[in-house]
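# A look at the structure
Here is what each chain is made of, one letter per residue.
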Amino acid sequence: SPAERRVFGMEFPKAEDPQTRFDRTLAAIEMLAAHPATAEFISRKLAEHYVSAPAPDSLVKRLAVQFQQNGGDMVALLETIAASKEFQASVDTPKIATPLDFSLRISRLTGSGNAGAIREFLKRSGTGLFDRATPDGFPETDASYADSNALLQRWRFIASLSGSLRRLLPGAPVTWSEPGQSQALDTVSLRLVGRPLPESSRQAALQYLAKVNPAEAERSKVLASLVAELPPTSLR
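Residues numbered from 1 in each chain as written. Predicted model: local features only at pLDDT ≥ 70, side-chain atom pairs only at ≥ 80, totals over all residues. Heavy atoms only, no water.

### Quick look at the overall build of the chain
In terms of helices and strands, the chain carries 12 helices and 2 strands. Secondary structure of the chain in N-to-C order comes out as β-β-α-α-α-α-α-α-α-α-α-α-α-α. In terms of C-alpha radius of gyration, the chain reaches 24 Å, well past the compact-globule figure of 18 Å for 236 residues. Considering only C-alpha atoms, the chain reaches an extent of 75 × 40 × 30 Å along its principal axes. Considering the chain as a whole, with its 236 residues, one finds that 36% of them fall into the buried category. For the chain, the exposed area adds up to about 13400 Å²; of that, 59% sits on carbon and sulfur atoms. Here the chain contributes 28 positive and 26 negative side-chain charges, whose respective centroids are spaced 5 Å apart. (Helix = DSSP H or I, 4+ residues; strand = E, 2+ residues; numbered from the N terminus. Rg over C-alpha atoms; globule rule 2.2 N^0.38 Å. Buried < 20%, exposed > 50% of the residue type's maximum accessible area, 1.4 Å probe, protein only. Areas by Shrake-Rupley, 256 points an atom, 1.4 Å probe, with all protein chains shown as cover. Lys, Arg positive; Asp, Glu negative; His and termini not counted. Charge placed at Lys NZ, Arg CZ, Asp CG, Glu CD.)

See below:
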């Protein structure tokens, strides 16, 4: 609009021609980007994503100061987070992966590349791309992704990729004995989440597998899908 505007106390005179309107808009964006509230907002979002939600105020304050000093250098901010005591303290308390993180990780590792399946999964999970009504982004709290619908949609997504998941166990079919199953569980877990299953999840998986006896050709798919549905795979 060419009309006169006031933004955070700064006067923007009437602008008739397109170039003047563009310059005026650019000046407003630069002013908002330099505002201390912007530094704190972005710093808090980064800390909540990589450390914990709610974010530690001590870390947010340090990041906000750095943001203003270096003009919002994201690389420097992430390096500060990685080196912080708050980040180190959070390593042993992993967060629940957002639907986007979860679906992209599974798709990348299995080589499925099914963008349509990811898009539908995100929409059913209530986190469709560009569907957030407000500009603050989807929440980072675990509670936002731990309800019954979130779990159901993850299972449905895994079921749609069951054929691709068998690629996590290449080679000979899984030996349907406890040693063979344990080794296969570790292999899939290491590829999906980067570490062996916790003992509680391992025992639950072995108890389930003891009750089923799929055809030899289907064993890799059954076991890989089971690991993908377990709680540790939904963590990040």
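From this point, the narrative continues.
### Quick look at the packing of aromatic side chains
Overall, the coordinates contain 3 aromatic pairs when judged by the stated rule. Lying over the aromatic face of Phe-102, Arg-154 brings its terminal NZ or CZ to 4.8 Å of the ring centre. (Phe/Tyr/Trp six-rings, centres within 6.5 Å; stacked < 30°, edge-to-face > 60°. Lys NZ or Arg CZ within 6 Å of the ring centre and 35° of its normal.)

### Brief notes about the side chain of Arg-154
Structurally, Arg-154 is set in helix 8 (residues 148-160). For the buried Arg-154, which has no salt bridge, the nearest side chain bearing the opposite charge is Asp-147, at an N-O separation of 8.1 Å. Arg-154 has contacts with Ile-96, Ala-97, Thr-98, Pro-99, Phe-102, Phe-121, Tyr-145 and Ser-234, leaving out every residue within four places of it along the chain. (Salt bridge = Lys/Arg side-chain N within 4 Å of Asp/Glu carboxyl O. Contact = heavy atoms within 4.5 Å.)

### Remarks on helix 2 (residues 36-50)
Here helix 2 is 15 residues long and its end C-alpha atoms lie 21 Å apart, about the 21 Å a rise of 1.5 Å per residue gives. Taken together, the buried positions of helix 2 are occupied by Ala-39, Ser-43, Leu-46, Ala-47 and Glu-48. (Expected span 1.5 Å × (residues − 1).)

### Topic: a nonpolar patch on the surface
A surface patch of nonpolar side chains, about 450 Å² in accessible area, is lined by Leu-100, Leu-104, Leu-129 and Phe-130. Checked against the element boundaries, Leu-129 lands in the loop between helix 7 (115-124) and helix 8. (Patch = residues over 30% accessible without salt bridge, like charges linked within 9 Å, V, L, I, M, F, W, Y side chains within 5 Å.)

### Let's talk about the packing of helix 11 (residues 199-211) against helix 12 (residues 219-229)
Running from N to C, helix 11 and helix 12 point in directions that differ by 145°, and their axes come no closer than 11 Å. Considering the relative orientation of helix 11 and helix 12, their crossing is right-handed. Facing helix 11, whose interface residues are Ala-205, Tyr-208 and Leu-209, helix 12 presents Val-222, Leu-223 and Leu-226. In terms of residue class, the contact of helix 11 with helix 12 is built from 6 nonpolar, no polar and no charged. (Axes fitted to C-alpha atoms, helices over the stretch in contact; angles between N-to-C directions. Left-handed = near helix turned anticlockwise from the far one by under 90°. Nonpolar A, V, L, I, M, F, W, Y, C, P; charged D, E, K, R; others polar.)

### Here's the deal with unusual backbone geometry
Here the residue pair Ala-53 and Pro-54 is connected by a cis peptide bond, since its omega of 5° sits within 30 degrees of zero. Mapped onto the fold, Pro-54 is located in the loop between helix 2 and helix 3 (57-70). Located in the positive-phi region is Phe-130, a residue other than glycine, with phi close to 65°. With respect to the helices and strands, Phe-130 occurs in the loop between helix 7 and helix 8.

### Some words on the side chain of Ser-189
Topologically, Ser-189 is positioned in helix 10 (residues 178-193). The class of Ser-189 is buried, set by a relative accessible area of 1%. Residues contacting Ser-189, with those up to four places away along its chain left out, are Gly-194, Arg-195, Pro-196, Leu-197 and Val-227.

### Describing the environment of Ser-160
If you trace the backbone, Ser-160 turns up in helix 8. Separated by 105 residues in sequence, Ser-160 and Ala-55 place their C-alpha atoms 35 Å apart. One polar contact links the side chain of Ser-160 to the main-chain carbonyl oxygen of Phe-157, over a distance of 2.6 Å. (Polar contact = N/O pair within 3.5 Å; in protein donor to acceptor, adjacent residues only side chain to side chain.)

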